[in-house]
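# Analysis of the macromolecular model
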Number of protein chains: 2
Amino acid sequence: MSYRAPVPEMLFTLRHVAGLEAVDPEDAAAILTEAARIADGVIAPLNRVGDRHGTPFSEGRVTTPPGWRDAYGTFTAGGWNGLSADPDHGGQGLPKLVEAACTEMWNGANLAFGLCPLLTQGGIEALSAHGSDDLKARYLEKLVSGEWPATMNLTEPQAGSDLALLRTRAEPVGDGSYRITGAKIYITYGEHDLSDNIVHLVLARLKDAPAGTRGISLFLVPKVLPDGSANDLRCSGIEHKLGINASPTCSMAFGDGGGATGWLIGEENKGLACMFTMMNAARLNVGLQGVGIAEAATQKALAYARERRQGKALGAVEATSPIVAHPDVQRMLLTMKAYTAAARGICYLTAAALDAAQGPEGRAALDRASLLTPVAKAFSTDLANEITSLGVQVHGGMGFVEETGAAQLMRDARILGIYEGTNGIQAIDLTGRKLPLNGGATIRAQIAWMRRVAEGLLKSAEPAFGHGAARLRAGIEALDRATSHQLAALGSNRPEAALAGAAPYLRLFGLALGGACLAKAALAASAALKAGETDPAHAARIALARFYAENLLPAASGLEQAVLAGGGFTDDAAVALAG
Amino acid sequence: MSYRAPVPEMLFTLRHVAGLEAVDPEDAAAILTEAARIADGVIAPLNRVGDRHGTPFSEGRVTTPPGWRDAYGTFTAGGWNGLSADPDHGGQGLPKLVEAACTEMWNGANLAFGLCPLLTQGGIEALSAHGSDDLKARYLEKLVSGEWPATMNLTEPQAGSDLALLRTRAEPVGDGSYRITGAKIYITYGEHDLSDNIVHLVLARLKDAPAGTRGISLFLVPKVLPDGSANDLRCSGIEHKLGINASPTCSMAFGDGGGATGWLIGEENKGLACMFTMMNAARLNVGLQGVGIAEAATQKALAYARERRQGKALGAVEATSPIVAHPDVQRMLLTMKAYTAAARGICYLTAAALDAAQGPEGRAALDRASLLTPVAKAFSTDLANEITSLGVQVHGGMGFVEETGAAQLMRDARILGIYEGTNGIQAIDLTGRKLPLNGGATIRAQIAWMRRVAEGLLKSAEPAFGHGAARLRAGIEALDRATSHQLAALGSNRPEAALAGAAPYLRLFGLALGGACLAKAALAASAALKAGETDPAHAARIALARFYAENLLPAASGLEQAVLAGGGFTDDAAVALAG
């Protein structure tokens, strides 16, 4: 089956988990319904053809798959590219929370397609926050409309996670522009035929710049210069990848002919800050990519499990049962659905915090968004790998055959934990930079929020929650203890112990916060049922929250122990890896 | 880097974990060293070319990749195909335990290649145990030598996990042969050019046979008949798959021209028993495929992590450190190495039980092998998926690029949890059929064995084990309680609760047993160090066992809770999956 944007579930999560208030529920429903029409009807049908066709590369040109240019035109013409952007530059001025649901849709429908506007959005954020008025006037509207998509040119062969090693050079020309020279790799949508121009955002180093990341500057380097001539840059090749085959991953050569023309964004040597603006937006959006593809895999597996008949379930009347009736298959499907809902809740909460940062809450909300961003990125994308792999498993042998499409979702999802900062980097960011925010007050406030949800669950005494309240409480307390351990380790003379525990800590954080999100949805569903609503989705939300709490959340105790054991192996690792 | 068979680690595990006694250690070392020469030098170099080239299909013929026919010739000429087979039929008569190490090697070197002899081995087992003397005389020697490889023809479009739904028909001709008519799918190596003949083992249904699995018979159906003429069967197509591209997955048509000629193996309508003989051997071997590819992924990731420099590790002197110095990367590599060792230990223990069943221990050892086989298959292959995915992650962006080879390992591994009985089927087999063996005495004996290892660890009071003994003990007790729960649920009026907990139960079993295997190796290593040996591999074994116990084994408590919660969702699943 093809992907269908889960609009009712999205709306429920927006409202009851993330607390959407800025937009009237009916308006939000109208926007998401219209977005779903594009996602389901225009973008999703191109997912398989994109995978099979790929993006042939010849003589510096990249050809996107059949139908893609038209679909991109439909997408941008509808104003979907600039949903949260400033109306002064042609955006729709909608909350990021509403945009988050739409980002999930584009990527659930077609991850390779969704990547193009995702990168443009990063460009919009960076240019909006740091660009000069002149540069904004020339480029922002085109980026917001999507007429000119943006790219992020960070990675070089020797500089992946470590941007201090960048070698691409920039030299001022004297007229306000710079000459850019160097080679970049892994540039997503670095070259394509979806548009007539491409706006490259390029990290480079000025002559005599300080060493390391304090000597990096960000430049805007368009494929086509304002006078209509071609800039001195080209795509020198594309990668043969595991997945997202329709998204060209380009090697880019800047300045073969003496130097590509670019303009500084922000100040000289302050490129890292600009890049983080761009990348933080992208990190949340990559988390949303994870949610989207997890939802797609869950839908596909569920549809298959309802149709495929093998074996007779206990108590069944007919000779063969649909495999959805077998407890083991149910466990896989419930795991997929529950984890998808958990990741969605966390990503939407993060978007809501970004919106709240624009209001009276201000800085505290921005700090909360900073805290949640690495969790939204890494937890959601780790789960996307697990969920898409479970999707293959539910299909049995059919899952291993490419024709079915389940395998493509698994291949496509695999990049999500790697790009925009590997999930290991996210974990280090969470422990090393985000836990210490405001002396730990930001994380403590987030844990307090989770506790309030758990208390609500306890108080409700709803029998349908089973042992859910107790399990959620136990998960949150495990997180609380692990948090104390990480903060203490950071301040100790062995901070490597905190880094060693960073990955299980992030997982534990996501697991507990996801449980709180599901519980919040379940409480709202319970209230709705009590108020006389009869939508079966409400009972589903309660049952799913219970499944998550009783079957998935118990992993918290093992994760806590792994966090606490973190320091134990750093001294021994070289010994253990020898031999 | 290319795969290198880890001969010293294999020998150590054979001897100190699985208890190899039948073969002198020096002889075992000589055999494994020679096997490694073939695995590393002949088979491994064909892994990438196999993936890229695939097996083109045209007019009923399948062409294997360049070099494969020669390599298969080298492999069979060396006698490697029939290591454990009866010398009366040309086998080497070696213990299955030694063969297990070799099977791991072939598949670590090249999974798609290793599959061919793996299937032949299943055929050897079935024919040896159930074939008539006449049929054995005609076919067994050719199978043992590998001159004629065997296949397993089980699956049909409507009959995957549920063999009761088989429709392929067999009709006696009157001369002792049968006419076989029907279509099979997903037949690995169903057609190829590695050999001049292929021996198909085909499940089919006789006219008037009882319905369901009690009406299935097994037939030997050769590609080329004894008189040299072609049998009435053909390959009608091959699948486009996620991985193992060099292993042709064929659709087979039997009897288009009136009926393929076949001969019954065993008795009429007793095909299921014959198939289980074939499949049990295959299940252990699939577990060993998981170990092999996990080892290959671990070696590749470790080599990359030692070479790739990004970032400066805490306390490092140089400006950039190899990424193996970063705690988060260490955690990934240690997880890969420790899980690989755990899976190896479990698979070797299973092979040792099969050997012991031939000796004075007899039936009890055979039951132990039956108990361990689903764990060896499912735990090892679930881990293979996780380890090969971690391997991609350690490579960062390079991991997503096919050129690196890490992605191929992940793609190839993905079939292991699906074929020869999905891992869900293994879990149901373990809980439903194996736990009740001898009224639970077999599983209790296995748990007692684990407890003795844990007690040994406790008694040793070796400081290098850290909290390892306590963690191992906790894991074993969690398994013991979960076992009691599963046995009680099986005997209750809600046996579906046992099935619902089957998957986390199997994982818990594997996790605890794997911990015991690592602890056993660590104890032996500790003794060796005390005896004055200086091999750094000994300290590595101790540190690895500690890492496993402190960082991975704590997951046991969450798994136990999931087993206990199993019954909670079967009633609610339909509700939770609606909406």
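Treat the numbers as computed from the prediction; the structure is a model and nothing was measured.

### Topic: the environment of Met278(A)
Mapped onto the elements, Met278(A) comes out in helix α8 (residues 271–307). Note on Met278(A): relative accessible area 0%, which makes it buried.

### Quick notes on the side chain of Glu104(B)
All names here are of chain B. Here Glu104 shows up in helix α5 (residues 96–109). For Glu104, a relative accessible area of 0% corresponds to the buried category. When sequence neighbours within four positions are dropped, the list of residues in contact with Glu104 reads Tyr3, Pro6, Met10, Leu288, Val291, Gly292, Glu295, Arg344 and Tyr348.

### Some points on the pattern of salt bridges
Taken as a whole and assessed by the stated rule, the structure comprises 59 salt bridges over all chains. The shortest N-O distance in the salt bridge between Glu361(A) and Arg368(A) comes to 2.6 Å. Judged by its relative accessible area of 38%, Glu361(A) is partly exposed. Between Arg344(B) and Glu104(B) there is a salt bridge, with the nearest N and O atoms lying 2.8 Å from each other. Residue Arg344(B) is found in helix α9 (residues 327–356), and its partner Glu104(B) is found in helix α5; the two are separated by 240 residues along the sequence. Classification of Arg344(B) as buried rests on a relative accessible area of 2%. Through salt bridges with shared partners, a single network forms among Arg444(A), Arg451(A), Glu455(A), Arg473(A), Glu477(A) and Asp480(A).

### Comments concerning the interface of chain A and chain B
Between chain A and chain B, the contact holds 87 residues from the first and 86 residues from the second. We note a salt bridge from Asp572(B) to Arg546(A), for which the minimum N-O separation is 4.0 Å. In this assembly, chain A and chain B are joined by 36 residue pairs in polar contact (both at pLDDT 80 or more). A class-by-class count of the residues in the side of chain A that touches chain B yields 42 nonpolar, 26 polar and 19 charged.

### With respect to the relation of the copies chain A and chain B
Under the fitted operation, chain A is carried onto chain B by 0.0 Å of movement along the axis and a turn of 180°, and the coordinates agree to an RMSD of 0.0 Å. Put plainly, the chains are arranged around a two-fold axis. An overlap of 99% is found between the interface residues of chain A and their copies at the interface of chain B, pointing to a shared contact surface.

### Overview of the nonpolar core
Within the largest apolar cluster, 324 residues are counted, with the highest numbers of intra-cluster contacts made by Met105(A), Phe509(A), Met105(B) and Phe509(B). Here this core gets 17 residues from one element, more than from any other, and that element is α8(A). Core analysis: the next-biggest nonpolar cluster, separate from the first, contains 32 residues, Ala85(B), Ala126(B), Leu140(B) and Met279(B) among them.

### Brief notes about the environment of Ser217(B)
All names here are of chain B. Take Ser217: it is sitting in strand β7 (residues 216–222). A relative accessible area of 0% places Ser217 in the buried class. In sequence terms Ser217 and Leu437 are 220 residues apart; their C-alpha atoms lie 26 Å from each other. Contact partners of Ser217, with chain neighbours within four places excluded, come to Val202, Leu203, Ala204, Leu206, Leu264, Glu268, Asn269 and Gly271. A polar atom in the side chain of Ser217 sits 2.7 Å from the backbone nitrogen of Asn269.

Definitions and limits used
Residues numbered from 1 in each chain as written. Chains lettered and ligands numbered in written order. Predicted model: local features only at pLDDT ≥ 70, side-chain atom pairs only at ≥ 80, totals over all residues. Heavy atoms only, no water. Helix = DSSP H or I, 4+ residues; strand = E, 2+ residues; numbered from the N terminus. Buried < 20%, exposed > 50% of the residue type's maximum accessible area, 1.4 Å probe, protein only. Contact = heavy atoms within 4.5 Å. Salt bridge = Lys/Arg side-chain N within 4 Å of Asp/Glu carboxyl O. Polar contact = N/O pair within 3.5 Å; in protein donor to acceptor, adjacent residues only side chain to side chain. Nonpolar A, V, L, I, M, F, W, Y, C, P; charged D, E, K, R; others polar. Least-squares fit on C-alpha atoms with pLDDT ≥ 70 in both. Core = buried A, V, L, I, M, F, W, Y, C linked by side-chain atoms within 4.5 Å.

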